[in-house]
Amino acid sequence: MPAVLTIKEKMLLVLMMLLLPFFVSGASAGTIIGSAHDFRTYMWNDSGEICLPCHTPHNAKNIIAPLWNHEVSTETYIMYDSSQSPTLDADVSSQPDGISKICLSCHDGTVAIENFGNRTDGTIFFFGPMKIGTDLSNDHPISFPYDTSLATTDGELYDPTTKLSGLIGSTGTINDDMLFGGRMECSSCHDVHNTKAVFGTKLLLKDNAGSALCLTCHNK
Ligand code: HEC
Ligand code: HEC
Ligand code: HEC
Ligand code: HEC
């Protein structure tokens, strides 16, 4: 770097200093680093790694999720009750799919957070708002197919195969970007790696200001 800065370089420097607060406060979307799922700084994670509490390159658990490394919950869940809701059209009778069960492995509060790798003797469990629990009847329904036919029957849902998700940097549909094998899951609303989420918005796939996330699927 030259000892003396040109005017252009000085202007660039000033611009960078002006923009810096945005990056530091994380106003932009982008990465797991610094998000609630950046596990490096949590005292229960003695590995110092980010990915390891969830993924491993070797000897993964036998569950339908990418190279999963965390102990999985064995609970039976109470699912969204369609008899409580005369307006529900989806079939919500099945237990959580693997891809949602892995969230519940930490967030149902029955498996210790530090039980990853071979560990099974952890003592730290979620409580308070981070604990979704095993009664999912009071939570948005998950683990059911959301397809064109459901949208037609319901009349107030967008067709997931044609409606664009509008996620940051994507031109894909709801089905492409938000569903897993055509099914609605925890990650239909949440972004576990925070790559699309805006920092400070509960790892949501889309900032829910003005209910933008809800209105992606619901035609209200
Ligand atoms: C809190 C748990 C968690 C952490 C931490 C985590 N992941 Fe994931 N990862 C998941 C889940 C859950 C999925 C399944 C897809 C989904 O839900 O979006 C996944 C899917 C993946 C996939 C396959 C699908 C895709 O998105 O490309 C890759 C690759 C991946 N993770 C890499 C990583 C890497 C690398 C890190 C560390 C920098 C990491 N993950 C950290 C939970 C986690
Ligand atoms: C290895 C355990 C683990 C797994 C697996 C896991 N989480 Fe988390 N999650 C955490 C921890 C730890 C926090 C931070 C809690 C805190 O700060 O009090 C967190 C925080 C969150 C938050 C709140 C974010 C915020 O900004 O306040 C959401 C939402 C969330 N997780 C959703 C999910 C979803 C959805 C999945 C599955 C795709 C998942 N988590 C899988 C451990 C996990
Ligand atoms: C229909 C969308 C949707 C689905 C599906 C969904 N969530 Fe959420 N979740 C949200 C929204 C929106 C918030 C933020 C609520 C707020 O800010 O008050 C949230 C908040 C959370 C929080 C943080 C609670 C807090 O008060 O800080 C956790 C943890 C969480 N969700 C986990 C999960 C898990 C685990 C699943 C699957 C079992 C799931 N979510 C499914 C939309 C969803
Ligand atoms: C990725 C798509 C998607 C997103 C995002 C989403 N939903 Fe849903 N939601 C659905 C589908 C599909 C159903 C099932 C509708 C049915 O069968 O009647 C549903 C069901 C519901 C129901 C129950 C309807 C009933 O008749 O019992 C409510 C209430 C609801 N959603 C509210 C919300 C809210 C509030 C948000 C935002 C926090 C949200 N949804 C985000 C797809 C979504």
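Residues numbered from 1 in each chain as written. Chains lettered and ligands numbered in written order. Predicted model: local features only at pLDDT ≥ 70, side-chain atom pairs only at ≥ 80, totals over all residues. Heavy atoms only, no water.

> How should the overall build of the protein chain be read in this particular structure?
Along the backbone of the protein chain there are five helices and two strands. Reading the protein chain from its N end, one meets helices and strands in the order α-α-β-α-α-β-α. Counting all 220 residues of the protein chain, 34% fall into the buried class. The long-range share in the protein chain, meaning contacts at least 24 apart out of those at least 6 apart in sequence, stands at 54%. About 13,200 Å² of surface is accessible on the protein chain, with carbon and sulfur atoms providing 62% of the total. (Helix = DSSP H or I, 4+ residues; strand = E, 2+ residues; numbered from the N terminus. Buried < 20%, exposed > 50% of the residue type's maximum accessible area, 1.4 Å probe, protein only. Contact = heavy atoms within 4.5 Å. Areas by Shrake-Rupley, 256 points an atom, 1.4 Å probe, with all protein chains shown as cover.)

> Can you walk me through the site of ligand 2 in this structure?
The full set close to ligand 2 counts 20 residues, and His-37, Cys-103, Cys-106, His-107 and Lys-202 are the nearest of them. Take Tyr-42: an N or O atom from its side chain is 3.4 Å from an oxygen atom of ligand 2. Contacts to ligand 2 include His-107, whose side-chain N or O atom sits 2.8 Å from a nitrogen atom. Of the residues assigned to the shell around ligand 2, the class counts are 14 nonpolar, five polar and one charged. (Near = heavy atom within 4 Å. Polar contact = N/O pair within 3.5 Å; in protein donor to acceptor, adjacent residues only side chain to side chain. Nonpolar A, V, L, I, M, F, W, Y, C, P; charged D, E, K, R; others polar.)

> Hey, could you run me through the coordination of the iron atom of ligand 1 in this one?
Geometrically, a metal with four donors at the corners of a regular tetrahedron has ideal angles of 109.5 degrees, and one with six donors at the corners of a regular octahedron has ideal angles of 90 or 180 degrees. Each protein donor to the iron atom of ligand 1 is listed here as His-55 (NE2) and His-193 (NE2); together their distances run 1.9 to 2.0 Å. In this structure, the iron atom of ligand 1 is surrounded by six donor atoms whose angles at the metal cover 85 to 179°, and the resulting shape is octahedral. With His-55 in the loop between α1 (7–25) and α2 (98–107) and His-193 in the loop between β2 (183–184) and α5 (214–217), this pair connects stretches of sequence that are 138 residues apart. The class for His-55 is partly exposed, based on a relative accessible area of 26%. Looking at His-193, the relative accessible area reads 39%, which means it is partly exposed. (Donors = N, O, S within 2.8 Å, 3.2 Å for Na, K, Ca; no water. Tetrahedral: all angles 85-135°; square planar, octahedral: opposite > 155°, others 65-115°.)

> Would you explain α2 in this entry?
Along an α-helix, a turn takes 3.6 residues, which lines up residues three or four apart on a common side. Within the span of α2, buried status applies to Gly-98, Ser-100, Ile-102, Leu-104, Ser-105 and Cys-106. Of the residues trailing α2, Gly-109 is marked for its positive phi of about 80°.

> I'm lost on the site of ligand 1 in this one. Help?
Near ligand 1 lie 15 residues; those nearest to it are Cys-51, Cys-54, His-55, Ser-187 and His-193. Between an oxygen atom of ligand 1 and a side-chain N or O atom of Ser-187, the distance comes to 2.7 Å. In this structure, His-193 approaches ligand 1 through a side-chain N or O atom, which is 2.8 Å from a nitrogen atom. Tallied by class, residues from the shell around ligand 1 come to eleven nonpolar, four polar and no charged.

> Sorry if this is basic, but what is going on with the nonpolar core here?
What tends to happen in soluble globular proteins is that the nonpolar side chains get buried as a cluster. Counting 16 residues, the largest nonpolar core has Phe-144, Tyr-146, Leu-150, Ile-174 and Met-178 as its most contacted members. Among the elements of the structure, α3 (148–154) and α4 (174–178) are those that each provide at least two residues to this core. Contacts of Met-178, omitting those with residues within four sequence positions, involve Ser-165, Leu-167, Thr-173, Ser-187, Ser-188, Leu-205, Leu-213 and Thr-216. Counting ten residues, the second-largest nonpolar core is a separate cluster that includes Phe-39, Cys-106, Ile-113 and Phe-116. (Core = buried A, V, L, I, M, F, W, Y, C linked by side-chain atoms within 4.5 Å.)

> What am I meant to see in unusual backbone geometry here?
The general pattern is negative phi for most residues beyond glycine and trans for most peptide bonds. Of note in the backbone geometry, Asn-59 takes a positive phi value of approximately 50° without being a glycine. By the secondary structure assignment, Asn-59 is in the loop between α1 and α2. Asn-59 gets classed as exposed once you look at its relative accessible area, which sits at 76%. A positive phi is found at Asn-194, a non-glycine position, where the angle reads about 60°. Here Asn-194 shows up in the loop between β2 and α5.

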